[in-house]
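Structure assessment
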Amino acid sequence: MSIGHRPKAKVISPKKPGDSAAAPGPRVVAPYAVDPETSRGRLESEPPSASRSPYARDRDRILHAMAFRRLNYKTQVFIYHEGDHYRSRLTHSLEVAQIARALARTLRLDEDLTEALALAHDLGHPPFGHAGERALDAAMTGAGGFDHNAQSLRVVTELEKKYARFDGLNLTWETLEGLVKHNGPLTGPKSVKPEIAVPESILDYCARQDLELATFPSVEAQVAALADDIAYNNHDIDDGFRAGLFSFAELAEVPLAAGALVEVRDAYPGIDGTRLLYEAIRRLIGTMIEDAVAESERRLAKLKPRSAADVRHAASAVVAFSADMQRELDLLRAFLFARVYRHLRIARIMAEAETVVGDLFARYSEDPEALPPDWREQAPPRGTPAFARYISDFIAGMTDRFALAEHRRLFDATPDLR
């Protein structure tokens, strides 16, 4: 696809630490892509890597973070013990990264930054997904609340403790900006949710390093956010169907899915079961990606950005679905809410999960001695907002299974969440 007249692209040659004959060829990136050569750097200055761009280094630090490994036992939709083949937050993040990198390559963006943002976007999720988030937000009333995006920032700037010189991962400004603003500006006239106050954790960090909350993020961050939508819309169809929450006949009530099912059945008469499901999902993912590329290229052609700064100061996002596709996706999301997220079985399990998280928060708050020794020794004074945030950080870092184990240790009865 073409976006018409394009400003001169940048050619980024790879580092050649070894045999130059084995090095890949230069990558041609668009002028509106983030340029690693002009990165605003890290809060704590570090020598550059001899073999990796700043954003490749960020990606690698995220991959090696303890918080990233814990995503393997954090709920996406289904609790970990319901089956080995359902998505976890970790496998969801990997699928988002794959789609994001494919989009980034097509739009000629910095793939390392895009991948880093895709991998990091859910690091702040507590156990039991959005149910755990609701419980922590309620428990933190009067102490700053809880928001998983703000918690992701806390994870990478404070809670990971691996390095001798600093807390957190000391990621670049561009990665932190994209992590906080991937859904759009948080303040000012272009704010995506003006009715919602910016979490205190984000404001506190911005007092140290301004992430420019009133502007749009980079194209790379916008791509990571859209890849998240594509990934969860499709894998929740997969997981919901295999869990027996709806049938093919019910899925065919959604026009976008109906078209994919018809196409597969026409190509493979008699196909059914998981092969029909996977073939339909393949087509859905491809259709969504093609639409996103076409609409994004149309918007970029209209804006004609000559730098990443032009994207940040644009009047609207440059990465999006077309209006027609957005309407189709709204219908698909309505179906998933009705048949999966609000299904009686899922709703009951998530209500019990909220109780588990609320119980843990109350117990630790009333009895700090219930905390593990290493957390107990470093706790701020009980009853302060800092203490409440400390308890919130501890619970938010738990996996589903650790939260259930802690609840069994501290309480006489624990829900099975089945």
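A look at the overall build of the protein chain
Scanning the protein chain from N- to C-terminus turns up 18 helices and two strands. Against the globule reference of 22 Å for 418 residues, the protein chain gives a C-alpha radius of gyration of 22 Å, in line with a compact fold. Within the span of the protein chain, comprising 418 residues, buried residues form 53% of the whole. At a minimum sequence separation of 6, the contacts of the protein chain that also span at least 24 residues come to 72%. If you sum the accessible surface of the protein chain, you get close to 18,900 Å²; carbon and sulfur atoms cover 52% of it.

Looking at the environment of Ala334
Along the chain, Ala334 turns up in helix 14 (residues 323-341). C-alpha of Ala334 to C-alpha of Pro36: the two residues are 298 residues apart in sequence and 40 Å apart in space.

A word on the packing of aromatic side chains
Tallying each qualifying case throughout the model produces nine aromatic pairs. For the pair Phe246 and Phe335, a centre-to-centre distance of 5.1 Å together with 70° between the ring planes defines the contact as edge-to-face. Remark: Phe335 occurs in helix 14 and Phe246 occurs in the loop between helix 9 (219-242) and helix 10 (248-251); sequence separation between them is 89 residues. Neither Phe246 nor Phe335 differs from the other in exposure class; each is buried. Taken together, a centroid distance of 4.8 Å and an interplanar angle of 45° make the contact between Trp375 and Phe394 tilted.

Re the confidence of the model for the protein chain
Counting all residues, the mean pLDDT for the protein chain is 93, and 93% of those residues have values of 70 or more. In this model, residues 1-7 is a region of pLDDT below 50 whose contacts with residues beyond four sequence positions or in other chains number 16 contacts. Of the regions scoring below 50 in pLDDT, residues 14-23 engages in seven contacts with residues more than four places distant in sequence or in other chains.

Comments concerning the side chain of Asn234
If you trace the backbone, Asn234 turns up in helix 9. The contacts of Asn234, once residues within four sequence positions are left out, are Ile281, Leu284, Ile285 and Met288.

Notes on the packing of helix 11 (residues 255-267) against helix 12 (residues 273-303)
Close contact between helix 11 and helix 12 brings their axes to 9 Å; oriented N to C, the two are set at 125°. Comparing the axis directions of helix 11 and helix 12 gives the class oblique. Crossing handedness for the pair helix 11 and helix 12: right-handed. Along the contact surface, helix 11 presents Leu256, Ala257, Ala260, Leu261, Glu263, Val264 and Arg265, while helix 12 presents Leu276, Glu279, Ala280, Arg283, Leu284 and Met288. Here the residues of the contact of helix 11 with helix 12 are counted per class, giving nine nonpolar, no polar and four charged.

Digging into the nonpolar core
Core analysis: the biggest nonpolar cluster contains 119 residues, and Phe128 and Tyr364 have the highest contact counts within it. Leaving out residues up to four positions away in the same chain, Phe128 has contacts with Thr75, Ile79, Met350, Ala353, Val356, Val357, Asp400, Ala403, Leu404 and Leu417.

Examining the environment of Ala396
When you line up the elements, Ala396 lands in helix 17 (residues 385-396). Sequence separation between Ala396 and Phe146 is 250 residues, and the spatial gap between their C-alpha atoms is 9.4 Å. Setting aside residues up to four positions removed in sequence, Ala396 forms contacts with Lys74, His125, Pro126, Pro127, Leu136, Phe146 and Gln151.

Description of helix 17
A rise of 1.5 Å per residue sets the reference length of helix 17, with its 12 residues, at 16 Å; its end C-alpha atoms lie 16 Å apart and thus fit the reference within 8%. Turning to helix 17, its buried residues number three or more, namely Phe387, Ala388, Arg389, Tyr390, Ile391, Ser392, Asp393, Phe394, Ile395 and Ala396. Where helix 17 is buried, its residues contact helix 5 (129-139), helix 6 (148-159), helix 8 (200-206), helix 15 (344-366), helix 16 (373-377) and helix 18 (400-410).

A few points about the packing of helix 15 against helix 18
Following both chains from N to C, one finds helix 15 and helix 18 inclined at 55°, their axes separated by 10 Å at the closest point. Taken together, the axes of helix 15 and helix 18 lie oblique to each other. Remark: the crossing between helix 15 and helix 18 carries left-handed chirality. Contact with helix 15, carried on its side by Val356, Asp359, Leu360, Arg363 and Tyr364, involves Ala403, Leu404, Glu406, His407 and Leu410 of helix 18 and no other residues of that element. Residues of the contact of helix 15 with helix 18, tallied by class, amount to six nonpolar, one polar and three charged.

With respect to the side chain of Arg42
Position of Arg42 among the secondary structure elements: in the loop between strand 2 (27-29) and helix 1 (54-63). Residue Arg42 is classed as buried on the basis of its relative accessible area of 16%. Within the local environment of Arg42, its side chain forms a polar contact with the backbone oxygen of Asn170, the two atoms lying 2.8 Å apart. Each residue touching Arg42, except ones within four places of it in the same chain, is listed here: Pro54, Arg57, Asp58, Arg61, Asn170, Leu171, Thr172 and Gln209.

What counts as what
- Residues numbered from 1 in each chain as written.
- Predicted model: local features only at pLDDT ≥ 70, side-chain atom pairs only at ≥ 80, totals over all residues.
- Heavy atoms only, no water.
- Helix = DSSP H or I, 4+ residues; strand = E, 2+ residues; numbered from the N terminus.
- Rg over C-alpha atoms; globule rule 2.2 N^0.38 Å.
- Buried < 20%, exposed > 50% of the residue type's maximum accessible area, 1.4 Å probe, protein only.
- Contact = heavy atoms within 4.5 Å.
- Areas by Shrake-Rupley, 256 points an atom, 1.4 Å probe, with all protein chains shown as cover.
- Phe/Tyr/Trp six-rings, centres within 6.5 Å; stacked < 30°, edge-to-face > 60°.
- pLDDT = per-residue confidence, 0-100.
- Axes fitted to C-alpha atoms, helices over the stretch in contact; angles between N-to-C directions.
- Parallel < 35°, antiparallel > 145°, perpendicular 65-115°, else oblique.
- Left-handed = near helix turned anticlockwise from the far one by under 90°.
- Nonpolar A, V, L, I, M, F, W, Y, C, P; charged D, E, K, R; others polar.
- Core = buried A, V, L, I, M, F, W, Y, C linked by side-chain atoms within 4.5 Å.
- Expected span 1.5 Å × (residues − 1).
- Polar contact = N/O pair within 3.5 Å; in protein donor to acceptor, adjacent residues only side chain to side chain.

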